[in-house]
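Breakdown of the fold
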Amino acid sequence: MVSAQGRALGMDPSIKLIHNLSLPAGHLQLEEGTQMVMPGDNFRTNIELNLPVALEVGVRFAIRDSGRTVGAGVVTELLGK
């Protein structure tokens, strides 16, 4: 689970997370009933990364879409597979 804040998300849930020097791609899953997140909104979401990345609770990250930073967040919980 992550908490994040950013611009309108909802069109394409495929995103890139930036943490230190790693740039893994992932899929952002909005909560059921949430279709879009607007600028200034705070929300909780699950992000499934395409590759394993060393993360821990409290780590901050940026969310990028089409080369633009669209949000930022902090890891609040790690979910194993």
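Here is what the cut-offs are and how they apply
Residues numbered from 1 in each chain as written. Predicted model: local features only at pLDDT ≥ 70, side-chain atom pairs only at ≥ 80, totals over all residues. Heavy atoms only, no water. Helix = DSSP H or I, 4+ residues; strand = E, 2+ residues; numbered from the N terminus. Buried < 20%, exposed > 50% of the residue type's maximum accessible area, 1.4 Å probe, protein only. Contact = heavy atoms within 4.5 Å. Areas by Shrake-Rupley, 256 points an atom, 1.4 Å probe, with all protein chains shown as cover. Polar contact = N/O pair within 3.5 Å; in protein donor to acceptor, adjacent residues only side chain to side chain. Core = buried A, V, L, I, M, F, W, Y, C linked by side-chain atoms within 4.5 Å. pLDDT = per-residue confidence, 0-100.

A few words now on the overall build of the chain. On a plain count of helices and strands, the chain comes out with 0 helices and 6 strands. Within the span of the chain, comprising 81 residues, buried residues form 28% of the whole. Across the chain, every contact between residues at least 6 apart in sequence was considered, and the portion connecting residues at least 24 apart equals 58%. Only carbon and sulfur atoms are counted for the fraction: they give 52% of the accessible area of the chain, which is about 5,400 Å².

With respect to the helices, strands and loops of the structure, Thr 45 is situated in strand β4 (residues 41-49). Side-chain polar atoms of Thr 45 contact the backbone oxygen of Gln 29, separated by 2.5 Å.

This brings us to the nonpolar core. Within the largest apolar cluster, 7 residues are counted, these being Leu 28, Ile 47, Val 59, Phe 61, Ile 63, Val 70 and Val 75. Secondary structure elements with two or more residues in this core: β5 (60-65) and β6 (68-75).

Here we take up the environment of Asp 65. Tracing the backbone shows Asp 65 in strand β5. In the structure, Asp 65 is positioned 40 residues away from Ala 25 in sequence and 10.0 Å away in space, judged by C-alpha atoms.

Examined against the element boundaries, Phe 61 turns out to sit in strand β5. A sequence separation of 12 residues divides Phe 61 from Gly 73, and the C-alpha atoms of the two residues are 5.4 Å apart.

Atom-level detail of predicted coordinates should not be read off regions where pLDDT is low. Looking at the chain, pLDDT values average 75 and 70% of them are 70 or higher. Here residues 6-13 is modelled with pLDDT under 50, and outside its nearest four sequence neighbours on either side it reaches 28 contacts, counting other chains as well.

Let us now look at the environment of Phe 43. Examined against the element boundaries, Phe 43 turns out to sit in strand β4. Separated by 12 residues in the primary sequence, Phe 43 and Glu 31 have C-alpha atoms spaced 8.6 Å apart.

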